[in-house]
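Fold and contact review
What follows is each chain in one-letter form.
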Amino acid sequence: MSAPAIPVAGPVRAGGRTKAKVDHWNTVVEVWLRGHSTIVYAFLYLPIVIVVLFSFNANRLATIWTGFTVDWYAIALKDEVVLSALRNSFSVALPNAILATLIGTAAALGLQRVPKPVRIVFDALTYVSIIVPEVVIALSTLVLFASGFSFINDLTGLRLQLGVPTIVAAHMLFNISIVLLLVRARLSGMDRTLVEASFDLYASPWRTFRQITFPQLLPAIVAGFLLAFTFSFDDYVITSFVSGPGSSTLPIFIFGQVKRGVTPETNAVATMMLFVTLALLAVGQLALARGARRTGGVQEGGMAGMIAQQR
Amino acid sequence: MSLSATPDTPLPGRRATLSERGGETPDVDIVDVTKRFGDITAVDAMRLSVARGAFYSFLGPSGCGKTTTLRMIAGFEQPTAGEIYLAGEPVAGVPPYQRNVNTVFQHYALFPHMNVAQNVGYGLRQRGTTKADEARRVGEALELVRLSGYERRRTWELSGGQQQRVALARALINQPTVLLLDEPLGALDLKLRKEMQLELKALQQEVGITFVYVTHDQEEALTMSDTIIVMHHGRIQQQGGPAELYERPVNRFVANFIGVSNPIDGKLVEHDPSTGRGVVQTDRGLRLTGLVTDPDARPAPGTEVIVAVRPERLQVEPATHAAPPADGWSSVEGRIHQGTYLGDHTEFRVATDIAGEMVARRQNAAGAAAIMGVGPGDPVVVRWEDSANLILVA
């Protein structure tokens, strides 16, 4: 007798349990699995729901609900400290996303043409830069900037210091890898004969890139850009290491607030961040799904897969 | 994005072709072309002229070098040795986008981010055709493949057969010197494939463009081609019309690849090179007179050969009613091993002592009645005319 296709209740011993007993056991396991899943998801999402809920709390104390208000959003959007942190966040996330997308896409295109041994090395390095714990990247980039700047400053009399540019540079480290992976996946899933068909129809290599390859890659490039933006926008660890005076971003600001006690204003800022991030992720996911449907290819896991790898 | 603004760039290095200087040149001339991939020789010293306006098929099993030959004509591969001429011009080093040759790919290779009209007009846009001209010619091309009104459709919404026709229109619209087709019907189901075969043939006659078709399906090649080039191990085995290949296969490979034949081993005892007539003493005592099919063969007496006989040339008669031995006929005795009724014909497998197991086919419309009632184990006589004996040297 062969084992059941889905041996939820473990292998069935010949002449052992009766069919009814197996069914009963299956039901128990199923109920337990369902309960377990519910608890896990509640644990994951309940805190977020509470933060969103309490951002509408009329009470000054963040933990006692007294009534509904949107005042905290108005207060947050008038708070000069919040606005400055928001500006910093954007001036980090946007250049970071643009540069990471450009470099990552170029690297993906280049790696296609490189001999296999070289490509394997670069692929490994890409994965490593994603897998390395954030705090290690944070520390190592800080050490690099600190020692590098002091060396250059001593030598040239310049006064280079930590700030927005150093945050951008540090964030790009892993964001380039993210874009690279997304575009590489798309490239390798691309039908090579499309390029040949374009050559066959009198299009030069450059025109073929512009009219065939680039439009095919665009969903991955857009997704990479949005992902790079959100990762940078909500990063705390690296930012806290390599930020300088006056370059606090929103996550840094929120963490500072928390130390002095959570206020509904903090909740409002966090909620706004949450929705900006979610919106961008949704757009990115749509871009990938649309691209996959158009080409008939399958983007395994899509952005969710990429995020799972990152976290 | 306006691509029509790009000026039409003439093909570089274009000189007066032989035909412009007068005289009919073949559309494709393959001169001693060899292609090696590492240690593997995909195409071995090929020599071939493709005449204007005809339907050519490369036929052979996978790995015989037929697709490699096609890719060399298209410009995707460069020959290791030898030279290819397109309309009289050598094309070594000329990239695919500068060759006036178009390809219909095996899996269509339609651009998924463009609609039908954009796909079909792609080649024209690269050459700087005006928008109005492009729209008009796209309309004509779609009409040619019976897809008028599909201009704005997405390619992935179309059925396999429709996608196939879009790919055809996209290639034909450019009026190439040669249209290359790489097993384009392979992905279609049998019924649609049969329809498309006839349609392709009709289309080729209508547009008058030279078609070079690659297939491993002998029936497909026989249906459509003016000339079939049978390939094996990178070499041309035989080149000729469908009837010629079937009636006069020059070697064992061609005889077995196109149709079925009954092989009888023997030694050549007589051969007249001027008429091709040969006499074979078979290993089990039969003396067969026939034609040495390869006109270039000069086999020495005693050479081991095969006599191949097509199944439909064999007559199976009950031993009790068999016609008496006659001049110009061979006959062997045997027993029916198996009789399979196949609708329009019946296939008999006859076990014979002196010619091994023989396969015979009888049309069911006529003559089958005489054999009715003959079942497995019954003694029969298998007879065939000398003209059915094909003596294969190689």
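Small disclaimer: the values here were computed from a predicted structure and weren't measured.

Topic: the packing of helix H4 (residues 116-131) of chain A against helix H6 (residues 164-189) of chain A
Each packed pair of helices is defined by two parameters, the angle between the axes and the distance between the axes. Residues and elements named next belong to chain A. Direction vectors running N to C along H4 and H6 enclose 125°, while the axes themselves pass 9 Å from each other. With respect to H6, the element H4 is oriented oblique. You can see that H4 and H6 cross each other, and the crossing is left-handed. On H6, the residues that touch Arg 119, Asp 123, Thr 126, Tyr 127, Ser 129 and Ile 130 of H4 are Leu 173, Phe 174, Ser 177, Ile 178, Leu 180, Leu 181 and Arg 184.

What about the packing of aromatic side chains?
Using the criterion set out here, one finds 17 aromatic pairs over all chains in the structure. Look at Phe 56 of chain A and Phe 68 of chain A: their rings are 5.2 Å apart centre to centre, the planes differ by 15°, and that puts the pair in the stacked class. Remark: Phe 68 of chain A occurs in the loop between helix H1 (19-54) and helix H2 (71-78) and Phe 56 of chain A occurs in the loop between H1 and H2; sequence separation between them is twelve residues. On the basis of relative accessible area, Phe 56 of chain A is assigned to the partly exposed category, the value being 22%. Note on Phe 68 of chain A: relative accessible area 63%, which makes it exposed. Ring pairs connect the aromatic residues Phe 56, Phe 68 and Tyr 73 of chain A, which therefore count as one cluster. Arg 310 of chain B extends its terminal NZ or CZ atom over the ring of Tyr 246 of chain B, reaching a point 4.0 Å from the ring centre.

Some details on the sheet that holds strand S8 (residues 210-215) of chain B
Residues and elements named next belong to chain B. Pairing in this open sheet of six strands is mixed, and the strands run S6-S7-S8-S3-S9-S10 from one edge to the other. Two strands bound the open sheet, and with one partner strand each, they are strand S6 (101-104) and strand S10 (235-240). Each neighbouring strand pair of the sheet contributes to a mean axis angle of 20°, computed without reference to strand direction. Two strands pair when backbone bridges link them, and strand S7 (residues 178-182) and S8 are joined in this way by five bridges, in the parallel orientation. From the neighbouring strand, Leu 181 faces S8, where its bridge partner is Tyr 213.

Some remarks on helix H5 (residues 134-156) of chain A
Residues and elements named next belong to chain A. Its 23 residues give H5 an end-to-end C-alpha distance of 32 Å, which sits within 8% of 33 Å, the value for a rise of 1.5 Å per residue. Buried residues of H5: Ile 137, Ala 138, Thr 141, Phe 145, Phe 149 and Asn 153, and no others. Looking at the buried residues of H5, the elements they touch are H4, H6 and helix H9 (237-242). Directly after H5, the chain includes Gly 157, whose backbone phi takes a positive value near 80°.

Quick notes on the interface of chain A and chain B
Contacts between chain A and chain B engage 21 residues on the former and 29 residues on the latter. In this assembly, chain A packs against chain B so that about 2,300 Å² is buried in total across both faces, 58% of it on carbon and sulfur atoms. Across the pair Arg 71 of chain B and Glu 196 of chain A runs a salt bridge whose closest N-O atoms are separated by 2.7 Å. Where chain A touches chain B, the interface holds eleven residue pairs in polar contact (both at pLDDT 80 or more). Sorting the residues of the side of chain A that touches chain B by element identifies helix H7 (192-200), helix H8 (205-233) and helix H11 (264-295) of chain A as the ones contributing at least two each. Broken down by element, the residue count for the side of chain A that touches chain B peaks at eight residues, all from H8 of chain A. Counted by class, the side of chain A that touches chain B contains nine nonpolar, seven polar and five charged residues.

The rules behind these values
- Residues numbered from 1 in each chain as written.
- Chains lettered and ligands numbered in written order.
- Predicted model: local features only at pLDDT ≥ 70, side-chain atom pairs only at ≥ 80, totals over all residues.
- Heavy atoms only, no water.
- Axes fitted to C-alpha atoms, helices over the stretch in contact; angles between N-to-C directions.
- Helix = DSSP H or I, 4+ residues; strand = E, 2+ residues; numbered from the N terminus.
- Parallel < 35°, antiparallel > 145°, perpendicular 65-115°, else oblique.
- Left-handed = near helix turned anticlockwise from the far one by under 90°.
- Contact = heavy atoms within 4.5 Å.
- Phe/Tyr/Trp six-rings, centres within 6.5 Å; stacked < 30°, edge-to-face > 60°.
- Buried < 20%, exposed > 50% of the residue type's maximum accessible area, 1.4 Å probe, protein only.
- Lys NZ or Arg CZ within 6 Å of the ring centre and 35° of its normal.
- Pairing = 2+ DSSP bridges.
- Expected span 1.5 Å × (residues − 1).
- Buried area = accessible area lost by both parts, 1.4 Å probe.
- Salt bridge = Lys/Arg side-chain N within 4 Å of Asp/Glu carboxyl O.
- Polar contact = N/O pair within 3.5 Å; in protein donor to acceptor, adjacent residues only side chain to side chain.
- Nonpolar A, V, L, I, M, F, W, Y, C, P; charged D, E, K, R; others polar.

In short, shape yes, function no, at least from these values alone.
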